[in-house]
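Observations on chain architecture
The chain contents come next:
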Amino acid sequence: MVSLPHQDPHSLPSPPCLCCRKQKDQFDNLEKHTQWGIDVLEKYIKFVKERTEIELSYAKQLRNLSKKYQPKKNSKEEEEYRYTSTRAFVATLNEMNDYAGQHEVISENMTSLITGELSRYVQELKQERKSHFHDGRKAQQHIETCWKQLEASKRRFERDCKEADRAQQYFEKMDADINVTKADVEKARQQAQLRHQMAEDSKAEYSSTLQKFNSEQHDHYYTHIPNIFQKIQEMEERRIVRIGESMKTFAEVDRQVIPIIGKCLDEITKAAESVDHKNDSQLVIEAYKSGFEPPGDVDFEDFTQPMKRTISESSLSNSRGDGRSEPKFGSKSKGKLWPFIKKNKSPKQQKEPLSHRFNEFMTSKPKIHCFRSLKRGLSLKLGAGPEDFSNLPPEQRRKKLQQKVDELNRDIQKEMDQRDALTKMKDVYIKNPQMGDAASVDQRLAELGQNIEKLRLEVQKFEGWLAEVEGRLPARTEQPRRQSGLYEAQNPSAVNSCAQDRESPDGSYTEEQSQETGMKVPATDFDDEFDDEEPLPTIGTCKALYTFEGQNEGTISVAEGEMLYVIEEDKGDGWTRIRRNEDEEGYVPTSYVEVYLDKNAKGAMTYI
């Protein structure tokens, strides 16, 4: 009879199904925790992304703010930015623009170093996590399969043992029964032996399966699952380290731009310290001073004696009754009348009370070289007026006329540059007809010639008015003023349109009113003016790389290796103006020479 193998219940492991259930619960917990870690990482990525958007928006708003308050070109605001305070404000706007650029740098660095890197890492982390949990589930399924095989083998062994026991009992019963034939007893004996053999086979199979399961179970709990848990732990630790490094990078990105932002703030402070109130005050004085000299003292009038009141030259109203007035102060300058002194119209006005003349003096508008007299001068509006600016005080009128002359000279230079360029283009067309029709530029050349002639006439007109104003102004240190780049005014003469003062034989002063006459500037021939033009200054030297035969008008021949002077650099048309000596100068192709411009020359740059 076959019996079941005896095993100590304390030596057997806990039921595998219960262990697998507990292990599955641990996998579920780990799966939830690692998913939470990925969610935290994605939340941090979203936080950094929103921070970069805020930085970009802030930088854009700063740039728009800086652009909004920048001075407009060719506007009245541009003139206001000559003061140190307004220049400091412009410097502040420029630095704020750079300040905005640093916030853009913060956004770019955070996007590339944090957002982009973490986004890629999250994708890799998800794939790694998925792989580890897949391996864990696969190991669980394998051990569960082994356990099921062990259970099936055990049940089969138990069933075969019971069958063998019943067959043995049946054989013993048949063998003891005398009524049973010998054949039936033999059959029962064979059946019992067969069942006993099946039980032995089942026992061997169960034993083998049990050993295999125990080995698989040992590997599962001591090798496979610990390795999987270790990989999950390493994965989670890398995630924690990575998010910590990202937070450190978050701070470093800000710290890297702090020095540059500090420089921007230092420049703003430097601009603020450059504000000079004395200089700004002087600019205001220069802008609004009239050029008039202060009026003299009011004479004392003695009414105790029955005599005709006389008015001195320095009083606020002039009498023209007999064309004479007694001088009270011999130290007063001669030959000048105050523009705010009104001419007498009738004898009635000669007897105006002193209080009336004093009120007249107080309500007049002298623009004097001091802030006290600038109260009304500052309210002067330089708006639209006569072409010759005759509505302005002499000093301001002189400045406006000088600005107009400079502007016209610049326009003339532009027109001449265009004409020279078209002339060179025409020469190229003549040499190479396939490049274009030379006659197509004739109309434009004629228009430019007419424009230049008109501008020259305008310059002569405004320079005449300027000479007239400079002749009227009191003696002062003459400031050099720019003349036309094409010609100089010859023998300027000033014709005063104001009243001329004359000294009477007895020492008094009389005023003789005269009509204002325009200054006549002698017309000059353009060719003479061009011949008298001062030579252009040299702005550098050049070396001829190749020999050039200058056969066209305006060009000059050069030999290879020859050194010459540069007086006008290439303006984009492919020609450079050079000089060999005082009498020889002209244009050569820019590609034929190597130019060395003087660094101190305005707008100079070295090129080949």
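The following refers to the structure shown. (Residues numbered from 1 in each chain as written. Predicted model: local features only at pLDDT ≥ 70, side-chain atom pairs only at ≥ 80, totals over all residues. Heavy atoms only, no water.)

**Digging into the pairing of strand β4 (residues 563–568)**
With 4 bridges joining them, strand β3 (residues 540–544) and β4 adopt antiparallel strand pairing. If you follow Cys542 over to β4, its bridge partner there is Leu564. Pairing geometry for β4 and strand β5 (residues 575–579), over 3 bridges, is antiparallel. Bridge pairing links Tyr565 to Arg579 in β5. (Pairing = 2+ DSSP bridges. Helix = DSSP H or I, 4+ residues; strand = E, 2+ residues; numbered from the N terminus.)

**Considerations on the pairing of β3**
Only one face of β3 is covered, namely the face carrying Gly540, Cys542 and Ala544; the face carrying Thr541 and Lys543 is uncovered. Bridge analysis of β3 against strand β7 (residues 593–597) gives 5 bridges, and the strand direction is antiparallel. Paired with Gly540 across the bridge in β7 is Leu597. (Buried < 20%, exposed > 50% of the residue type's maximum accessible area, 1.4 Å probe, protein only.)

**Considerations on helix α3 (residues 84–176)**
If you check α3, its first and last C-alpha atoms are 136 Å apart, about what 93 residues at 1.5 Å a residue would give, namely 138 Å. Within α3, the axis deviates most sharply at Thr111, by approximately 35°. (Expected span 1.5 Å × (residues − 1). Bend = angle between axes of the 7 residues up to and from the residue.)

**Some points on the nonpolar core**
Ranked by internal contacts, the top residues of the largest apolar core, which has 28 residues, are Leu41, Tyr44, Met110 and Ile114. Elements supplying a minimum of two residues to this core: α1 (16–68), α3 and α4 (182–273). It is α3 that provides the largest number of residues to this core, a total of 11 residues. Once residues within four sequence positions are removed from consideration, Ile114 is found in contact with Tyr44, Val48, Asn109, Ser246, Thr249 and Phe250. Core analysis: the next-biggest nonpolar cluster, separate from the first, contains 15 residues, Ile556, Val566, Trp575 and Tyr587 among them. (Core = buried A, V, L, I, M, F, W, Y, C linked by side-chain atoms within 4.5 Å. Contact = heavy atoms within 4.5 Å.)

**Examining the sheet that holds strand β6 (residues 585–589)**
In space, the 5 strands of this open sheet follow the order β6-β5-β4-β3-β7, with antiparallel pairing throughout. The sheet is open, and its two borders are formed by β6 and β7, each paired with just one other strand. On average, adjacent strands in this sheet sit at an angle of 40° to one another, irrespective of strand direction. (Axes fitted to C-alpha atoms, helices over the stretch in contact; angles between N-to-C directions.)

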